[in-house]
Amino acid sequence: MAEANGYVTYKDPNRPLGARLRDLLKRMTVEEKIGQMVQIERANATAEIMKNYFIGSVLSGGGSVPAPKASPQRWVQMVNEIQNGALATRLGIPMIYGIDAVHGHNNVYKATIFPHNVGLGVTRDPILLKKIGAATALEVRATGIPYAFAPCIAVCRDPRWGRCYESYSEDHNIVQMMTEIIPGLQGDIPTNFKKGNPYVGGKDKVAACAKHFVGDGGTVNGINENNTIVSQHDLYSIHMPAYYHSIIKGVATVMASYSSLNGVKMHANTKMLTVFLKDRLKFKGFVISDWQGIDRITYPPHANYTYSVQTSILAGVDMVMVPYNYPEFINELTNLVKNNAIPMSRIDDAVKRILRVKITMGLFENPLADDSLATKVGCQEHRELAREAVRKSLVLLKNGKSASAGPVLPLAKKVPKILVAGTHADNLGNQCGGWTIEWQGLSGNNLTAGTTILNAIKATVDPSTQVVFKENPDPAFVKSNGFSYAIVVVGEQPYAETNGDNLNLTLPDPGPSTINNVCSGVKCVVVVVSGRPLVIEPYVASMDALVAAWLPGSEGQGVADVLFGDYGFTGKLARTWFKRVDQLPMNVGDPHYDPLFPFGFGLTTKP
């Protein structure tokens, strides 16, 4: 332990980064270096395993928590227990803990759940995104975690993709604009900062991760993890630009995509990971694999693990998300190095990049977390910010059956009786979508804290207005109750990744029957809660008004704020709303462009 206790250059914050890096690297054994390249799942991370295998990183997969409904204090305690194992090693190199905080700190009970990216793109408001990044960073740090696997800067070109809601837009210009979330998460880079270097500005900021490099949003038919077939021009003008912006803003890490690019798996793509990202763009942070991403280089996955390890490391993957079979990975990589199948220079490069991020973010000086930020999780200030994001993300697609009929929105707050209907009106889980508490999300109202759209409506209307909720009323009920108007909230059930791949994109049942039953009997406003445009053309004529609410998250009050005119509708589509799936893929600028509602469309109302 002498090296960890006496004066050593690498532990001296007053020494330049380069000197600290060189000093630490020359002290490390092959075992210690390979350990740094490993990221394991929380479920099997003990202090003992950290110490014995010199593990460099730990993650929580979607829904992986220390205990159900765990408090921030419980999270901090868990992260610190794991960290103490890393600090007990010969060199005392701290581990870095990562988590998917993709719309707020979404695995954590009572955290603020922001709208998913598909809604945030609508706002075209980079200042708002920066604030959301800063709020998310505070909530993530409040639980002892210094690294978030966000933002997803995919350019979703086909809404059949199950991750389309994780993409800001089909238009790379909007995605580029939204990279302003990165300085929110990591802090603003100092003046004269060298392009390509990672930057994380202190204990209230986190390392970010631009993902999934590259072309994840361009796969054939939107099939998740599939093949993106693009010309060089489209690759560099559609899918790549947001990476340039991310690197200029000091993004600390980049995650490789499960998908292939013109038939080459991204986890095995030397040309893109090393020649382009590292050499050409001068990216100096680290490249991390996706969950078991190197296993999926072969089909079936894990069929030739030696090949997977060798190919991915040589291609330029620096840290591998193993998550479970780390002894096998460590043995394979150790043997490949001993047999000179992977040169020591490649290992040194990977470790240098990982340590550069750890030193830059101050992990050596402040490896252990405390409870000082605990009150930030789900705090009122962050909920107000999320509510603002909801208001700005809504898109008004129809307002009134005809010009002569006049607009329906904003709705009157003081009327005798209104009907609220639909599967998504009183369902917090449905309005949050996937990546909320669980990886796939959850339906229902007992997952976390928040306001359903129904409760938001009740809180907004005049106290004398009677609000009647019936999830799927029959036409007779609608016609016989003297409702002044109805609000119907329908949409998709939660999903994530491949489970969301969908080749028909129809409005899920009983949505169509609820719309027909209600809109045939009373003036109706339909609110669609979904991760993407759906087939709604058959129902639009029967509606008096139509609102796209995307996946608004925990602050449903933002929906009522705009429906009732406390704020105006301002959102413009950041995705094309197609008529039929046989038109897909169909993006703005395509020769066959014939949408139901075009990119950039959105009616406005005055508050």
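Below or above, wherever it landed, is the structure these notes cover. Position numbers for residues count from 1 along each chain, tracking the sequence in the order it is written. Local features in a predicted model are, by the rule used here, given only for residues with pLDDT of at least 70; side-chain atom pairs are given and counted only at 80 or more, and totals for whole chains, interfaces and linings are based on all residues. Neither water nor hydrogens contribute to the side-chain values; these are computed over all heavy atoms in the structure.

1. A word on the sheet that holds strand S12 (residues 395-399)
Put simply, the rule reads: The pairing criterion for strands is at least two bridges between them, as found by DSSP. We count a stretch as a helix when DSSP gives it H or I for four or more residues in a row; a strand needs E for two or more, and each element gets its number in order from the N terminus. As a rule, the C-alpha atoms of each element are fitted with a line to give its axis, helices using only the stretch in contact, and angles between N-to-C directions run from 0 to 180 degrees.
An order of S12-S17-S16-S15-S13-S14 is seen for the six strands of this open sheet, with the pairing classed as mixed. At either margin of the open sheet sits one strand with a lone partner, and together these are S12 and strand S14 (466-469). With strand direction ignored, the average angle separating the axes of adjacent strands in the sheet is 15°. Relative to strand S15 (residues 485-491), strand S13 (residues 417-421) is paired through four bridges, and the arrangement is parallel. Each residue of the ladder has a partner; that of Ala-421, found in S15, is Val-488.

2. Thoughts on the side chain of Asp-23
Definition in use: Any pair of nitrogen or oxygen atoms within 3.5 Å is treated as a polar contact; in protein, a donor-acceptor pairing is required on top of that, and neighbouring residues in sequence qualify only through side-chain atoms on both sides. By definition, residues are in contact when any of their heavy atoms lie within 4.5 Å.
Turning to its location among the elements, Asp-23 is positioned in helix H2 (residues 17-27). Here Arg-27 takes part through its side chain, which lies 3.0 Å from a polar atom of the side chain of Asp-23. Those residues within four positions of Asp-23 in sequence are excluded, and the remaining contacts are Val-8, Thr-9 and Tyr-10.

3. Focus on the sheet that holds strand S5 (residues 209-213)
The sheet built from three strands is open, its strands ordered S5-S7-S10 with parallel pairing. With partners counted over all chains shown, the strands left at the sheet margins are S5 and strand S10 (286-288), one partner each. Neighbour-to-neighbour, the strand axes of this sheet turn through a mean angle of 25°, independent of strand direction. Pairing analysis gives three bridges linking strand S7 (residues 253-256) to S10, with the strands arranged parallel.

4. Considerations on the packing of helix H13 (residues 305-315) against helix H14 (residues 326-338)
Condition: Here the word oblique covers every angle except those under 35 degrees (roughly parallel), over 145 (roughly antiparallel) and from 65 to 115 (roughly perpendicular). The hand of a helix crossing depends on one turn: near helix anticlockwise from the far one by less than a right angle means left-handed, and clockwise means right-handed. Under the grouping applied here, Gly and all other residues not named as nonpolar or charged are polar, the nonpolar ones being Ala, Val, Leu, Ile, Met, Phe, Trp, Tyr, Cys and Pro and the charged ones Asp, Glu, Lys and Arg.
Contact pair H13 / H14: the axes reach a minimum separation of 10 Å and the direction vectors enclose 65°. With respect to H14, the element H13 is oriented roughly perpendicular. Crossing hand, H13 versus H14: right-handed. Together, Tyr-305, Thr-306, Val-309, Gln-310 and Ile-313 of H13 and Glu-328, Phe-329, Glu-332, Leu-333 and Leu-336 of H14 make up the contact between the two elements. Each residue belonging to the contact of H13 with H14 can be placed in one class, and the counts come to six nonpolar, two polar and two charged.

5. Some points on the packing of aromatic side chains
Between two aromatic rings, the relevant description is the distance of the centres plus the angle of the planes. Heads up, the condition is: Geometry of aromatic contacts follows a simple scheme: Phe, Tyr and Trp rings, the Trp one being its six-membered ring, pair when their centres are within 6.5 Å, and the pair is stacked under 30 degrees between planes, edge-to-face over 60, tilted otherwise. Partly exposed describes any residue whose relative accessible area lies between the buried limit of under 20% and the exposed limit of over 50%, with all areas from a 1.4 Å probe on protein chains only and scaled to the type maximum. Here, a charge over a ring means that NZ of Lys or CZ of Arg falls within 6 Å of the ring centre while also lying within 35 degrees of the ring normal.
Within the structure shown, the criterion is met by 13 aromatic pairs. Judged by centre distance (5.6 Å) and plane angle (75°), the ring pair of Phe-193 and Tyr-199 falls under edge-to-face. Overall, Phe-193 belongs to the partly exposed group, its relative accessible area being 24%. Just above the ring of Tyr-567 sits the side chain of Arg-391; from NZ or CZ to the centre is 3.7 Å. Lying over the aromatic face of Phe-483, Lys-417 brings its terminal NZ or CZ to 5.3 Å of the ring centre.

6. Topic: the packing of helix H7 (residues 126-142) against helix H16 (residues 380-393)
Direction vectors running N to C along H7 and H16 enclose 145°, while the axes themselves pass 10 Å from each other. Considering only the axes of H7 and H16, their crossing is left-handed. Packed against H7, whose contacting residues are Leu-128, Lys-131, Ile-132, Ala-135, Leu-138 and Glu-139, the element H16 presents His-382, Leu-385, Glu-388, Ala-389 and Lys-392 at the interface. Considering only residue class, the contact of H7 with H16 consists of six nonpolar, one polar and four charged.

7. Regarding helix H15 (residues 344-360)
Convention followed: Any helix carries an expected span of 1.5 Å times its number of residues minus one.
Across its 17 residues, H15 extends 24 Å between first and last C-alpha, which sits within 8% of the 24 Å expected from 1.5 Å per residue. All of the buried residues in H15 are Arg-346, Ile-347, Ala-350, Val-351, Arg-353, Ile-354, Leu-355, Arg-356, Val-357, Lys-358 and Ile-359. Directly beyond the C-terminal end of H15, a positive phi value near 85° is found at Gly-362.

8. What about the state of the cysteines?
Formally: Disulfides are defined as pairs of cysteine sulfur atoms found within 2.5 Å of each other.
Taken as a whole and assessed by the stated rule, the structure comprises two disulfides. With its sulfur 2.1 Å from that of its partner, Cys-156 forms a disulfide with Cys-164. Handedness here is read from the sign of the S-S torsion; for Cys-156 and Cys-164, about -105°, the answer is left-handed. In this pair, the class of Cys-156 matches that of Cys-164, namely buried. The disulfide partner of Cys-519 is Cys-524, and the gap between their sulfur atoms is 2.0 Å.

9. Structural notes on the nonpolar core
Quick reminder of the rule: What is meant by a nonpolar core is a set of buried Ala, Val, Leu, Ile, Met, Phe, Trp, Tyr and Cys residues, joined one to another through side-chain atoms within 4.5 Å.
Formed by 192 residues in total, the largest nonpolar core has its most connected members in Phe-213, Phe-329, Leu-333, Val-526 and Leu-563. Each residue touching Leu-333, except ones within four places of it in the same chain, is listed here: Ile-34, Met-37, Val-309, Ile-313, Ile-342 and Ile-347.

10. Things to note about the environment of Arg-74
Note on placement: Arg-74 falls in helix H5 (residues 72-87). Considering only alpha carbons, one finds Arg-74 and Asp-371, 297 residues apart in sequence, at a separation of 9.5 Å.

11. A word on the side chain of Arg-163
Looking at the secondary structure, you find Arg-163 in the loop between strand S4 (147-148) and helix H8 (172-178). Residue classification places Arg-163 among the buried residues on the basis of a relative accessible area of 3%.

12. Things to note about the pairing of S12
Within S12, five of the five residues are buried, leaving the element largely enclosed by the surrounding structure. Bridge count between S12 and strand S17 (residues 545-548): four bridges; the pairing is antiparallel. Looking at the pairing, Val-395 lines up with Ala-548 of S17.

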